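Below, each chain spelled out in residue letters.
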Amino acid sequence: MSHVIGIDLGTTNSCVAVCENGQVSVVPNAGGYKTTPSIFALAENGKRLVGHFAKRQAVTNPKNTVYASKRFIGRNFDCESVQRAAEYTPYELVRGSNNDVRVQIDDKEYTCQEIAAIILHEMKRVAEEYLGEPVTQAVITVPAYFNDTQRTATKDAGQIAGLEVLRILNEPTAAALAYGMGKKTERIAVYDLGGGTFDISVLEMSDGVIEVLSTAGDTFLGGEDFDRTIVGHLVQEFDKEQGIDLGADSMALQRLKDAAEKAKCDLSLRTTAEVNLPFIANGDDGPCHLNIELTREILETLVGDKVRATMVTVEKCVADSKVAVKDIDQVILVGGQTRMPLVQSTVAEFFGRVPHKGVNPDEVVAVGAAIQGQSLVAKDDTPVLLLDVTPLSLGIATFGGNVTHIIERNSTVPIRRKHVFTTTRDDQQSVKIRVLQGESMISRENDLLGEFELMGIRPAPKGEPEIEVTFAIDANGIVSASAQDLATGLEQSITVNASGTLPPDEVERIMEGIDLDEIEFKE
């Protein structure tokens, strides 16, 4: 039986795991690291680099080094978070043909799906070297709060990387799966604060069944934002001391970003850290050096609002789960940013218990994905039953700029729901179905996933025709929709292909044009 790998495609780092003889192994790359930076670069000599190779040259080549691209996959170029990020991202973000976000390096545009595919292919290659055989199937994880567009884009990236994606799995659910194997019945909360995203899920586990009761999150809140806040503080302090603004120097900012991340990690273990960057700038009297002491207290003051923001989301998720805080048996921390003492103490204070320390926050998601992959192909084993939920409500735009929700958030997937609508004008012979995802009752405040038109409706007074709209969400969280005139039987359907995703023909074109074997993978 061929192996199915589990891949945690992270904002900052990615990880791959595989099940062998009933045991799960996190697979190290050639350099011995169990995680690989989710970074792609085009070096000055024209070589394409990924992982540690790409990270090592980022300081001297910031404009051609792409990190945290997961934040942009499946997003509309015009969305506020993308425009905000474009102001501080050293590489150039441009608008794609489907209003998706792309990265311009020299004279080539890279889609976020291409960049994700390069990283996924590296994970595939690492697993193949470890197993000594080809790998063609994978379970890939995504933040629980990813919408349909982001999930579809991630699945496309897997296809471009040469993988059959058996399942798109929510990261907190994967972590619960890794934690819950062989455990007794209990309710757990998974607090997942990674490099670029935040998720919280409340789950109930019993014999062979993991049921997600509720989920919530923020797909633009994570360790990258903590690092950027520290960088801003360092720039401000240096400007006060030397009268030099480092904010316009991309190379200096990359050095500051690396130093900020290191200092943040050090402050999880110590109460003070020194940021020392010689020759960071040139002043009137010659070279200037940055030497600033950062304390844990200063750090917690700088990022306290971000930690508090996660807890607002936690409160909402727990309320949606209908489980009292005191009835949650265990709290699991996932994602590297949860190593921060302020995060741990804030979570412990809310739940009234110390979070569980028995899982590796960097590896547990990949482990859960590998377990799910094994469960999907091992017919002779007792499968693990996952009952996951859709994080966002699904509906259609209706008369007056309103929304009618057909599938509510936190509904168990897969799911299929129907709703009958009618016409708003006499003798109306067509209706446009606009598929929306989000919680607002105002249509323009939700994400437009796609639209299609049902033609040939029998002429009749308004309110008389019956148009049945059907929405379906599969186990991957991917949406399809159809509409039928119940009088004539005419039907129109789509698998949603929203702004921010790539049309199937462009996915095929990228697959034909990209040569993943030309990229430097070895560590």
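Since the structure is predicted, the reported quantities are computational estimates derived from the model, not experimental observations. (Residues numbered from 1 in each chain as written. Predicted model: local features only at pLDDT ≥ 70, side-chain atom pairs only at ≥ 80, totals over all residues. Heavy atoms only, no water.)

## What about the sheet that holds strand S8 (residues 92-95)?
Read across the open sheet, the 3 strands follow the order S8-S9-S10; overall the sheet is antiparallel. The sheet terminates laterally at S8 and strand S10 (108-111), the two strands that pair on one side only. Recorded for the sheet is a direction-independent mean angle of 45 degrees between the axes of neighbouring strands. Where S8 meets strand S9 (residues 101-105), 4 bridges bridge the pair, whose relative direction is antiparallel. Bridge pairing in S9 links Val94 to Arg102. Sheet strands in contact with helix H3 (residues 112-131) are S9 and S10, and its direction is about 70 degrees off that of S10. (Pairing = 2+ DSSP bridges. Helix = DSSP H or I, 4+ residues; strand = E, 2+ residues; numbered from the N terminus. Axes fitted to C-alpha atoms, helices over the stretch in contact; angles between N-to-C directions. Contact = heavy atoms within 4.5 Å.)

## Focus: the packing of aromatic side chains
Given two aromatic rings, one states the distance between the centres and the angle between the planes to describe the pair. Evaluation of the coordinates by the stated rule reveals 5 aromatic pairs. Between Tyr67 and Tyr91 the ring centres are 5.7 Å apart and the planes differ by 85 degrees, which places this aromatic pair in the edge-to-face class. In this pair, Tyr67 sits in strand S7 (residues 65-67) while Tyr91 sits in the loop between helix H2 (80-86) and S8, placing the two residues 24 residues apart along the sequence. For the pair shown, Tyr67 and Tyr91 are each scored as buried. Aromatic pair Phe72 and Phe220: ring centres 6.3 Å apart, planes at 55 degrees, arrangement tilted. Taken as a pair, Phe72 in the loop between S7 and H2 and Phe220 in the loop between strand S15 (209-218) and helix H6 (223-242) lie far apart in primary sequence, 148 residues in all. Just as Phe72 is buried, Phe220 falls in that class too. (Phe/Tyr/Trp six-rings, centres within 6.5 Å; stacked < 30°, edge-to-face > 60°. Buried < 20%, exposed > 50% of the residue type's maximum accessible area, 1.4 Å probe, protein only.)

## Side note on the layout of surface pockets
Reported here for the largest pocket is a volume of approximately 1,000 Å³. Lining of the largest pocket is provided by 39 residues; of these, Thr12, Asn13, Glu261, Gly336 and Asp362 occupy positions nearest its centre. Mapped onto the lining of the largest pocket, the elements with two or more residues apiece are strand S2 (13-20), helix H1 (52-56), H6 and helix H7 (250-266). When residues in the lining of the largest pocket are grouped by element, the largest group, 7 residues, is from H7. Roughly 660 Å³ of volume is contained in the second largest pocket. As for the second largest pocket, its lining consists of 26 residues, and the residues nearest its centre are Arg75, Cys79, Asn147, Thr219 and Asp447. Of all the secondary-structure elements, those providing two or more residues to the lining of the second largest pocket are H2, helix H4 (148-160), S15, helix H8 (296-321) and strand S25 (447-455). Ranked by residue count, the leading element in the lining of the second largest pocket is S25, at 5 residues. Taken together, the residues of the lining of the second largest pocket sort by class into 8 nonpolar, 11 polar and 7 charged. (1 Å grid on protein atoms, 1.4 Å probe; cavity = no way out; pocket = protein on both sides within 12 Å on 5 of 7 lines; lining within 4 Å. Points joined across faces, edges and corners; volume = space filled by probe spheres on them. Nonpolar A, V, L, I, M, F, W, Y, C, P; charged D, E, K, R; others polar.)

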